[in-house]
Amino acid sequence: MIRKHSATLHGHRTSFSLEDAFWTELKAIASARGISLAALISEIDDGREAGSNLSSALRLYVLKWLKDRN
């Protein structure tokens, strides 16, 4: 199921939609890295290409993280 989530990035609120599985993995990644979920989302947001979608960037980050661990 896709759910809407909100986060504050650099002082402004933004929202994005993610499937529950991606949301669960993002939380696990943040925990594994010892950073807050907000910090992880902010890092991904900062690193995405201009004009790209935050939801897509979050999914791609999770995919890369999981692939790199195997």
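Looking up the chain in an unreviewed UniProt entry gives the name Ribbon-helix-helix domain-containing protein, with the organism given as Rhizobium miluonense.

### So, the UniProt feature "domain: Ribbon-helix-helix" (unreviewed entry) in the chain
Feature annotation in UniProt places "domain: Ribbon-helix-helix" (unreviewed entry) on residues 3–66, given in this structure's numbering. The span residues 3–66 is 59% helical and 23% strand by assignment, and the distance between its end C-alpha atoms comes to 21 Å.

### Looking at the pattern of salt bridges
Per the stated rule, a full pass over the model turns up five salt bridges. A salt bridge links Asp 68 to Lys 64; the nearest nitrogen and oxygen atoms lie 2.6 Å apart. Here Lys 64 and Asp 68 lie together in helix 3 (residues 54–69), a separation of four residues that amounts to about one turn. For the residue pair Asp 68 and Lys 64, the accessibility class agrees, reading exposed in each case.

### A short note on the packing of helix 1 (residues 20–33) against helix 2 (residues 37–47)
Between helix 1 and helix 2, the shortest axis-to-axis distance is 9 Å and the interhelical angle comes to 105 degrees. Classed by the angle they form, the pair helix 1 and helix 2 counts as roughly perpendicular. On helix 2, the residues that touch Trp 23, Leu 26, Lys 27, Ile 29, Ala 30 and Arg 33 of helix 1 are Leu 37, Leu 40, Ile 41, Glu 43 and Ile 44. Its residues placed into classes, the contact of helix 1 with helix 2 shows eight nonpolar, no polar and three charged.

### Structural notes on the environment of Arg 13
Note that Arg 13 resides in strand 2 (residues 12–19). In this structure Arg 13 comes out as exposed when scored by relative accessible area, which is 59%. Not counting the four nearest positions on each side in its chain, Arg 13 is found in contact with Ser 6, Ala 7 and Thr 8. Looking at Arg 13, its side chain comes within polar contact range of the side chain of Thr 8, at 3.0 Å.

Rules and cut-offs
- Residues numbered from 1 in each chain as written.
- Predicted model: local features only at pLDDT ≥ 70, side-chain atom pairs only at ≥ 80, totals over all residues.
- Heavy atoms only, no water.
- UniProt positions renumbered as here; feature names shortened; annotations may be inferred.
- Helix = DSSP H or I, 4+ residues; strand = E, 2+ residues; numbered from the N terminus.
- Salt bridge = Lys/Arg side-chain N within 4 Å of Asp/Glu carboxyl O.
- Buried < 20%, exposed > 50% of the residue type's maximum accessible area, 1.4 Å probe, protein only.
- Axes fitted to C-alpha atoms, helices over the stretch in contact; angles between N-to-C directions.
- Parallel < 35°, antiparallel > 145°, perpendicular 65-115°, else oblique.
- Contact = heavy atoms within 4.5 Å.
- Nonpolar A, V, L, I, M, F, W, Y, C, P; charged D, E, K, R; others polar.
- Polar contact = N/O pair within 3.5 Å; in protein donor to acceptor, adjacent residues only side chain to side chain.

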